[in-house]
Amino acid sequence: MNNAKEPLFHISKRGELPWYKGWLVRGCAVLLALIACAVVTMLVTGENPISIYATIWSGSFGSPRRAWVLFQNIAILLCVSLAVTPAFRMRFWNIGGEGQMLVGGLATTACMICLRDVLPNWGVILCMIVASIIAGAVWGGIPAFFKARWGTNETLFTLMMNYIATQLVAFFIIVWEVPKGAGKIGIINQQSEIGWLPVIAGQKYLLNILIVGAICLAMYVYLNFSKHGYEIAVVGESERTARYVGIKVDRVIVRTMLLSGGLCGVAGMLLVGGTDHTLTTTITAGRGFTAVMVSWLAKFNPIWMVLTSFLIVFLQRGAGEISTSFGLDQSFSDILTGIILFFIIGSEFFINYKINFRHAARKEA
Amino acid sequence: MQNKVPAVELRHITKRFGFKGIVANDDISLDIRRGEILALLGENGSGKTTLMNVLAGIYFPDEGQILIDGREVVISSPKDAFDLGIGMIHQHFKLVDVLTAAENIVLGIKGKLDLQGATEKINAICKQYGFEVDPKQKIYDMSVSQKQTVEIVKVLYRGADILILDEPTAVLTPQESDKLFNVLRNMRDDGKAIVIITHKMHEVESLSDRVAVLRGGHYIGDMVTAETNAQEMTNMMVGRAVSLNIDRPEPVNPRPRLEISDLTVRSEEGILKLDGVSFTANSGEILGIAGISGSGQKELLEAIAGLQPMERGKIEYIWDDGTRENLIGKDPRQIHDMGVTLSFVPEDRLGMGLVGNMDLSDNMMLRTFRRGKSVFTDRKTPHRVAENVVEELDVVTPNLATPVRRLSGGNVQKVLVGREITQAPSVLLTAYAVRGLDINSSYTIYDLINRQKAAGVAVVYVGEDLDVLVELCDRILVLCGGRVSGIVDGRTTDKRELGLMMTRIGGGSNE
């Protein structure tokens, strides 16, 4: 009389998954992403998969220079990700990393151009650091102030601040353009190298990488062991509880966003002063948004972010390399990046949920 | 009579959680019959809610079968449960705050959206059962009891004829509970099957036809209510004999500790919540606060705790040497910096007193994390405090690193009360301290409160169970519509008197 059928599968929420299993799932997702990319590329180009993987690998590690570029890219992305993380822990969705970086870069450029004849090199660099932090902090602080005071929506606000930053940069590019009418700044202080961050151990990118590494450790400690970090977590979880224990919520919101914006400003400074030595409206290359994903995938844990930012930069560079070396359009690398992100983000589902298949043999009473 | 097939037969239901193999339900078989109100009893964490969630399609059992009207069914989603006429009213409301009552009620129902028609149907249901719901009111504007009413109407609207209520009276006043019980009795007589989870023995005795007892995930047995009593049921639940009397030691050397005068509070919408409230809370004494829910209890406690802006009035703290200090205009931190240790167990535990996603130690830290000059937090002391609280209050938790939202309601409350008491307060404010707690835990809490009283703490106990208020409190202040209806001696008053005072200022004449 049993005519009821158990569904083929049902989905249930998982309990706490041990961290290594979580990373196993993510690892599988990356593997599947690579397979899917290879299949797509094979279908389009007819190349064999091994050479496709070799191309992906060589995109990142094909030469020492490429490896350095890879690590430099990771450093900048990681820096922005670390910057937005305190805000995210507070459930303040700062998607204005892009704009905060840009104004940081703008402030850096201003120092490099306006102070080059006034101050010695170290003085210019000091001003760059201070100015970029202040610029980023102001850009992040404005939405925070409005949120704390009038409860405005921070997502929209920070997003819109991005466009203002872009336009501001566009304006100053025209002001400082070299030569007149070129519509771009070009390499700043190419002869004197004033305001260029020092090259250490003969490696152009090493300083950036070391700075971001230090920031990463500091952020980990700050978020997990400091009183500020604890306040941020409480405010993020429940503002009412925060008030109940006497935390000044408004102050925590503004303080945290000053930090978040300031660090984004530093990322902009590293980009302009450390590697690019120029300023364009697209210099950030969408890192302010990619950082959101890096931060989320790492569950807002600064140490895991090293891994997630590596993953994303590595796969993006691999995808870029495929499209250039097989003579494909740039859009093809976008497709591959899309496939990769689909798998990585999709893997979170399998980490949080379990699929139970129908019991093979069910004994009836 | 024997040919009557039970509405629901649960057979050998087993449900495990997590990797550690916690068994919430272990081989439970239970019948639910039409035309009967079944009370499901058990201590916090005994698996009652889990079992009912299995029936409501929220969890899928690892083993066992469910038969509805003798036919085996598979309930793999709440929708399946609805289709079978099973409706559950949860302890934590599942409503969308920004939508109206009517929108919440029709949410998820297939077919054309007809709010007008729905509103009429809702009004009809309300009229039939005596509910008061404004279909156009937004959920965020509603009190806790109004929200619950919406939940119940929602289930009825969908035509449920097997109703599960998870601690429905925890948020209701005695009057509201009586109203609800009448509705439930009508529905039973109408042939519906009703399961009610509750911890209040007098409700079980007055309402249910049959009781089933769970303990530690096991099914212990069932009894006809008329043939048993509170003591027997409690013993079955706890697994040993327990005493059902609440102690009330004489206050030791009571002195005024808090003096509140002419306290007047308006809500943000400008509604008068407290109107000229004056009273004194003494050290070494328990002052009970009685009143219909929403009579200003929340505002009163929050005003004292420094969380509620007020229109006028005075709140004075009286030191042992007789000097007075005003608490008005100070936030919790400033009050703490004055040296006044004020503990507050708020009504909304996870929304205000605790952080659901943080573990036990981190929640213990909430009150004390600022201590010391270091920029870093001290994690060791809170960890020890958490260990102590878990041990002394028998908190059921896998470990100290478990987020508190994963604990059952009673254990959450123990964590909160435990933390607040650890501070060695001079004033202890509690709002519905035993709401949702089983008998055993409730008595633990009463005992803790009595110990605070013995230690000279001024305790303000906002309660809803009049039986408990009368047994526990030295004095009882009755609020009615934000005004003090009267202050009576707990030793001489009775439920009837309190009930009258709750509904009318002064409670009418006493002749």
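Residues numbered from 1 in each chain as written. Chains lettered and ligands numbered in written order. Predicted model: local features only at pLDDT ≥ 70, side-chain atom pairs only at ≥ 80, totals over all residues.

## Points about the overall build of chain A
Consideration 1: Summing up its helical and strand segments, chain A has 13 helices and 2 strands in all.
Consideration 2: The proportion of buried residues among the 365 residues of chain A is 45%. (Helix = DSSP H or I, 4+ residues; strand = E, 2+ residues; numbered from the N terminus. Buried ≥ 20, exposed ≤ 12 C-beta atoms within 10 Å, placed from the backbone.)

## Focus on the nonpolar core
Consideration 1: The biggest cluster of nonpolar side chains holds 238 residues, and the ones touching the most others in it are L78, C79, V80 and A267 of chain A together with L55 and Y461 of chain B.
Consideration 2: Residues contacting A267 of chain A, with those up to four places away along its chain left out, are I76, C79, V80, A83, M101 and G104 of chain A. (Core = buried A, V, L, I, M, F, W, Y, C linked by C-beta atoms within 7 Å. Contact = placed C-beta atoms within 7 Å.)

## Concerning the confidence of the model for chain A
Consideration 1: Of all residues in chain A, 93% attain a pLDDT of 70 or more, and the chain-wide mean is 86.
Consideration 2: In the model, residues 360-365 of chain A has pLDDT below 50 throughout and makes 1 contact with residues more than four positions away in sequence or in other chains. (pLDDT = per-residue confidence, 0-100.)

## Brief notes about the pairing of strand β17 (residues 427-431) of chain B
All names here are of chain B.
Consideration 1: β17 sits mainly inside the fold: 5 of its 5 residues count as buried.
Consideration 2: Neither face of β17 is left uncovered, since the one carrying V427, L429 and A431 and the one carrying L428 and T430 both have all their residues buried.
Consideration 3: Pairing of strand β16 (residues 342-345) with β17, which is carried by 4 bridges, proceeds in the parallel orientation. Bridge pairing links L342 to V427 in β17.
Consideration 4: Relative to strand β18 (residues 458-462), β17 runs parallel, the two being bridged by 5 bridges. Counterpart to L428 in the pairing with β18 is V459. (Pairing = 2+ DSSP bridges.)

## Things to note about the domain arrangement of chain B
Residue and element names in this part refer to chain B.
Consideration 1: Each assigned domain of chain B is listed here: domain 1 (8-238), domain 2 (256-341 + 424-507) and domain 3 (356-422).
Consideration 2: Domain 1 and domain 2 are separated by 33 Å when their C-alpha centres are compared.
Consideration 3: Every contact between the two is made by 18 residues of domain 1 and, on the other side, 15 residues of domain 2.
Consideration 4: If you list the elements that add at least two residues to the side of domain 1 that touches domain 2, you get α5 (144-157), α6 (174-189) and α8 (230-238).
Consideration 5: Tallying contributions element by element places α8 first for the side of domain 1 that touches domain 2, with 3 residues. (Domains from an automatic or database assignment.)

## Overview of helix α14 (residues 409-422) of chain B
Residue and element names in this part refer to chain B.
Consideration 1: Compared with the 20 Å implied by 1.5 Å per residue over 14 residues, the 20 Å span of α14 between its first and last C-alpha is a close match.
Consideration 2: Counting buried positions over the 14 residues of α14 gives 13, a clear majority of the element.
Consideration 3: Of the residues one or two after α14, A424 is the one with positive phi, at around 55 degrees. (Expected span 1.5 Å × (residues − 1).)

## Description of the packing of helix α3 (residues 64-89) of chain A against helix α11 (residues 287-297) of chain A
Residue and element names in this part refer to chain A.
Consideration 1: At a minimum axis separation of 8 Å, α3 and α11 run at an interaxial angle of 65 degrees. Taken as axis vectors, α3 and α11 run roughly perpendicular relative to one another. In this structure, α3 meets α11 at a crossing whose hand is right-handed. For the pair formed by α3 and α11, the contact residues are I76, L77, V80, S81, V84, T85 and F88 on the first element and R287, G288, T290, A291, V292, V294 and S295 on the second.
Consideration 2: A per-class count over the contact of α3 with α11 returns 8 nonpolar, 5 polar and 1 charged. (Axes fitted to C-alpha atoms, helices over the stretch in contact; angles between N-to-C directions. Parallel < 35°, antiparallel > 145°, perpendicular 65-115°, else oblique. Left-handed = near helix turned anticlockwise from the far one by under 90°. Nonpolar A, V, L, I, M, F, W, Y, C, P; charged D, E, K, R; others polar.)

## Here's the deal with the sheet that holds strand β14 (residues 312-318) of chain B
Residues and elements named next belong to chain B.
Consideration 1: Pairing within the open sheet is antiparallel, and its 4 strands lie in the order β12-β11-β14-β15. Two strands bound the open sheet, and with one partner strand each, they are β12 (272-282) and β15 (324-326). The mean angle between the axes of side-by-side strands here comes to 20 degrees, regardless of whether they run parallel or antiparallel.

## Some thoughts on the sheet that holds strand β13 (residues 285-290) of chain B
Residues and elements named next belong to chain B.
Consideration 1: The strand order β16-β17-β18-β13-β19-β20 describes an open sheet built from 6 strands, whose pairing is mixed. Two strands close off the open sheet at either side, each with one partner strand: β16 and β20 (483-489). The average undirected angle you get between the axes of adjacent strands in this sheet is 15 degrees.
Consideration 2: Relative to β20, strand β19 (residues 475-480) runs antiparallel, the two sharing 6 bridges. Across the sheet, V478 pairs through a bridge with G486, a residue of β20.
Consideration 3: Of the strands in this sheet, β16 and β17 are in contact with α14, which crosses β16 at around 175 degrees.
Consideration 4: Here helix α17 (residues 495-503) sits on the sheet and contacts β13, β19 and β20; the angle it forms with β19, its principal contact strand, is near 30 degrees.

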